[in-house]
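# Residue-level structural notes
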Amino acid sequence: MSESTWKTQPATCEWNTASNWSSEEVPADTAIFAESSQSAITFATDSNASVKQIEFNEHSTAYTFTFGPGKTPGLTVTGEGVSNVSRKQQSFIVAATSSGHDNPQLVFTNTATAGSEDMYYCAGPIGEQGYGGGVISFCDNARAGSARFKVWTGAQPPPQFRKEDTPSTVGGEVSFSNSSTADSANFTIYGSLGIDGDTFANVVFHDTATAGKATFTNVGGTVSGGDGGNTQFYGNSNADHGVYNNWGATHEKANGGDVAFDSTASGGYGHFYNHAAVVAGGYGGVTSFNNNPPSMDAAQGASAGNGSYFNYGARQGEQGGGGHLEFSARYGSPTAADATIVNYGSAIENKSSAGHTIFSINQPTQYFPTAGNAKVWNHPAAGEGGAAGFTEFSVYGKETGGDVSRQFPTAGGATLFNLGGCTANAGGGYTVFSGNSSAGCATLIAYGGTHGGYGGRIAFYDESVGDNAKVCLFDDGELDIGYHTSGVTIGSLEMTGGVIATQLGKETPCLTVEGDVAIKSSHVSFRFDTQKSGGFSYNQPYTLLRCSALTELNPECFRGSSINGVEPGFSIVGHELQVTFTKP
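Here goes a summary of the coordinates provided.

What counts, and where the lines are drawn
Residues numbered from 1 in each chain as written. Predicted model: local features only at pLDDT ≥ 70, side-chain atom pairs only at ≥ 80, totals over all residues. Heavy atoms only, no water. Phe/Tyr/Trp six-rings, centres within 6.5 Å; stacked < 30°, edge-to-face > 60°. Helix = DSSP H or I, 4+ residues; strand = E, 2+ residues; numbered from the N terminus. Buried < 20%, exposed > 50% of the residue type's maximum accessible area, 1.4 Å probe, protein only. Lys NZ or Arg CZ within 6 Å of the ring centre and 35° of its normal. 1 Å grid on protein atoms, 1.4 Å probe; cavity = no way out; pocket = protein on both sides within 12 Å on 5 of 7 lines; lining within 4 Å. Points joined across faces, edges and corners; volume = space filled by probe spheres on them. Pairing = 2+ DSSP bridges. Axes fitted to C-alpha atoms, helices over the stretch in contact; angles between N-to-C directions. Contact = heavy atoms within 4.5 Å.

The next subject is the packing of aromatic side chains. For the coordinates displayed, the defined rule picks out 56 aromatic pairs. Seen from their ring centres, tryptophan 15 and phenylalanine 33 are 5.9 Å apart, and the 40° between their planes marks the pair as tilted. Of this pair, tryptophan 15 sits in the loop between β1 (3-5) and β2 (30-33) while phenylalanine 33 sits in strand β2, and the two are 18 residues apart along the sequence. No difference in accessibility class separates tryptophan 15 from phenylalanine 33, as the two residues are buried. Positioned over the ring face of tryptophan 152 is lysine 150, at 5.2 Å from the centre of the ring. For lysine 150, the ring lying beneath its charged end belongs to tyrosine 190, and the centroid distance is 5.8 Å.

Looking at the second largest pocket, its volume works out to about 340 Å³. Lining the second largest pocket are 15 residues, and of these Ala388, Gly427, Gly428, Tyr430 and Arg457 lie nearest its centre.

Judged by how many residues are buried, strand β26 (residues 390-396) sits mostly within the fold: 6 of 7 residues are covered. The pairing of strand β24 (residues 356-362) with β26 spans 7 bridges and is parallel. Counted as the bridge partner of threonine 357 is threonine 391 from β26. Relative to strand β28 (residues 430-433), β26 runs parallel, the two being bridged by 4 bridges. Within the sheet, the bridge partner assigned to phenylalanine 393 lies in β28 and is phenylalanine 433.

Another aspect to go through is the sheet that holds strand β39 (residues 569-573). In sheet architecture, strand pairing relies on hydrogen bonds along the backbone and comes in two forms, parallel and antiparallel. Overall, mixed pairing links the 5 strands, which are arranged β32-β34-β37-β40-β39 in an open sheet. Only two strands of the sheet have a single partner each, and these edge strands are β32 (487-490) and β39. On average, adjacent strands in this sheet sit at an angle of 25° to one another, irrespective of strand direction. The pairing of strand β34 (residues 510-513) with strand β37 (residues 542-546) spans 2 bridges and is classified as parallel. Paired with leucine 511 across the bridge in β37 is leucine 545.

What follows concerns the environment of isoleucine 563. With respect to the helices and strands, isoleucine 563 occurs in the loop between β38 (558-560) and β39. Given a relative accessible area of 7%, isoleucine 563 falls into the buried group. Remark: the alpha-carbon pair of isoleucine 563 and arginine 527, spanning 36 residues in sequence, is separated by 9.8 Å. Those residues in contact with isoleucine 563 that lie beyond four places of it in its chain are Leu504, Phe528, Thr530, Phe536, Tyr538 and Phe581.

Have a look at this one:
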């Protein structure tokens, strides 16, 4: 039979009972729903029903379709999908105990759509005290339409995962595979509810699936040690033009909501909003790259694409960690590509409360992250006592045995803007290179503060490398090399004002500029300190700057802070700028 209508007075509520349909056959083509006394529809265990189209006409009752656990999908929609002209919400509740996308209860295939905004889908456990969750699967070129989705998990830990003999972290799930798309749907995804803090609900994209223009709300963790809701991209899937809100935790030691890009997935043109945690000790929302399996070839990794990423610091009473972006390179070599990244400052003192972006490796590893050609904006603290937004390139751990990391986090060809504070005593945004990380051929800019705020800052620590980077300093914007182990070499230096900070002692770091030095102000300032390890002496010259352009400059254009009341004296010797603190 090509189509059949659910009866006005069916004997039972089960879809699979032929006598409940007007044709006395379970429809395989079109299932039509109008007014009925049985509006709570169920499916037989291991139903495996299939239909091309589901129609709710203008006389339709508000229906609820409930799917339970089963070895096969309760229903597969294979044709045009779901349409609803009833002006009533129609609900599909998938309540099961699955632990992965390969065991769905509701499936959309071919070009089927989940329907319009008056269609509601819920994937979760059988009850709040249950475990795991139901799975809704989109395959082939199926679409989520503009429907609304709730994805959640229960309070109990799941049993051992059947394949790997390890606990599953999967709660309710909506899965997109092949070339399916989330279209313009709206998803709300929740995290842990109970003692198993590592179980969370998620929306997952595989293969070449895309997020379309959908909206995703990943709710922050609500229990100690709990995860937030998760949206995850694998394979060559793409975030497309989606909008993603990752909310911070509302409980101490809970994680924020997150979006994770793994394999070679891309951020597309998505907009990502990582929010701060509400409570102290909670973590902010996060977007991460290659932080999860599978392991890729050394040169492969996920990409931020052309996306826009906004990391918010703690404001308006928030007390926890700031929203952040992680290129952690644990299982691949991710790139920020052509993204726009904005790190906002916070109103509280804790460094991690500010919006921030981290490019890091944990040695030994074959992987490394790069900032690509991204544009990164590090904003100042919200006010005095607050923490400024920042970007950090870091190396953790130590090389062991024959395992050697040959590549390190790099700023690539990115442009990083470090904005000065704009209220009294507010710290400026900053970029830090530590370990063996590299500035690549990036452009690093530090702007001065206004209204009594401090300037933006660029800092090189440890054995980090300036490489061919261009550094631009304005007003009291600062380049800090004082904690470097030897000295920093960069490609070029442009100063319209600006401050170079260093420490004098046994191993005084020297700034070497391989290319042009452009001084566009009447003077250049240094901020001096002495090394805690000692070695500083009066009446001894220290080399501060080395470049061929120094022969064209006058020593009188350089100024610096005093040490114990002794003023610095500058001299140019060949291609070197030296300073001496002369004491009688």
